Amino acid sequence: MLVLSRGQQDKIVFPTLGISVEVLRTGAQRVRLGVTAPPHIKVLRGELAEHEPAALAAHAEEGTEERHRLRNQLQVARLQLQVASKQLELGKPDAAMSCLLRALRDFDSLEQKLTPPAQPTECDRKPRALVVDDDENERELLASYLRLCDFDVDEADDGLRALFYLAQHNRPDFVLLDMNMRGLDGAATLRRIRDSQGLAELRVIGVSGLTPEQAGIVVGKSGVDAWFRKPVKAEELVDHLREAIMIPA
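As the structure is a computational prediction, the values presented were derived from the model and not from experiment.

The next point concerns the sheet that holds strand β4 (residues 128-132). Neighbouring strands of a sheet are bound in pairs by backbone hydrogen bonds; such pairs are parallel or else antiparallel. Sheet architecture is open: five strands sit in the order β5-β4-β6-β7-β8, paired in parallel fashion. One side of each edge strand has no neighbouring strand; the edge strands of this open sheet are β5 (152-156) and β8 (226-229). Taken pair by pair, the neighbouring strands of this sheet meet at an average axis angle of 20°, ignoring direction. With four bridges joining them, β4 and strand β6 (residues 174-178) adopt parallel strand pairing. Within the sheet, the bridge partner assigned to Leu130 lies in β6 and is Val175. Sitting on the sheet, helix α3 (residues 136-148) touches β4, β5 and β6, and the angle it makes with β5 is about 170°. Against the sheet, helix α4 (residues 159-168) touches β4, β5 and β6, its axis set at about 155° to β4.

Here you go:
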């Protein structure tokens, strides 16, 4: 929303457009305005509005239809400023202020259209986890708890399917890996991950009813990044995951 003040030295700035409008001096019947705009914006005399409104399109640069439309809208807004200036010279301050407001609203609309949308930061993005466990009940319960804690979660029911997932998708923040699985077990899956150039640095969390020693797994750089023994205390697990990527609770 634009709020226009007529006070002296007041300025309205549209940084994306490179345009500013400043009230330089006010009087009983006159308001002196200063308009700053980049050189590529053509300046037209106010009296052209009465005779050549269609001439604005001739000054549009070649490009897409959208670029033509935006440039024409910019030129119209600029022309409205010129008309407002002419009206002030003719002693019509109310009409001038009305025209000025229309111009400022057009500039504001263009500013919003041309401002790139804010990109999500690392803190805005949900952490992603892949839960790998051949026990359907345990896998779904853990995945459901993580989703309730605002994680994006995918599931795999054995090590081979987990490797296929990792080959076909963007790398998740964590792999929660059960060890005692049918088919390709956790230890073999972990070795494939650590031997893969694209996955070697992936955070892998061991989740097992065994201890690391019993499973023959190292907790450290060449093995898993952490180990949680079943039955898992889900709240402690989530706290660890958040801390690992510095996400506040």
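Moving on, we get to the packing of α4 against helix α5 (residues 186-195). Across the interface, α4 lies against α5 with an axial gap of 9 Å and an inter-helix angle of 25°. It follows that α4 is roughly parallel to α5 by the angle criterion. In the packing of α4 onto α5, the handedness of the crossing is right-handed. Contacts between α4 and α5 involve Gly159, Leu163 and Leu166 from the former and Thr189, Arg192 and Ile193 from the latter. Within the contact of α4 with α5, the residues separate by chemical class into three nonpolar, two polar and one charged.

Moving on, we come to the pairing of β4. As a general feature of sheets, a regular strand has side chains that alternate between the two faces. Most of β4 is tucked away: five of the five residues are buried. Residues of β4 alternate between two faces, with Arg128, Leu130 and Val132 on one and Ala129 and Val131 on the opposite face, all of them buried. Note that β4 and β5 share five bridges and pair parallel. Residue pairing across strands places Leu130 opposite Asp154, the latter belonging to β5. Handedness of the β4-α3-β5 crossover: right-handed.

Analysis parameters
Residues numbered from 1 in each chain as written. Predicted model: local features only at pLDDT ≥ 70, side-chain atom pairs only at ≥ 80, totals over all residues. Heavy atoms only, no water. Pairing = 2+ DSSP bridges. Helix = DSSP H or I, 4+ residues; strand = E, 2+ residues; numbered from the N terminus. Axes fitted to C-alpha atoms, helices over the stretch in contact; angles between N-to-C directions. Contact = heavy atoms within 4.5 Å. Parallel < 35°, antiparallel > 145°, perpendicular 65-115°, else oblique. Left-handed = near helix turned anticlockwise from the far one by under 90°. Nonpolar A, V, L, I, M, F, W, Y, C, P; charged D, E, K, R; others polar. Buried < 20%, exposed > 50% of the residue type's maximum accessible area, 1.4 Å probe, protein only. Right-handed = clockwise from strand over helix to strand, strands pointing away.

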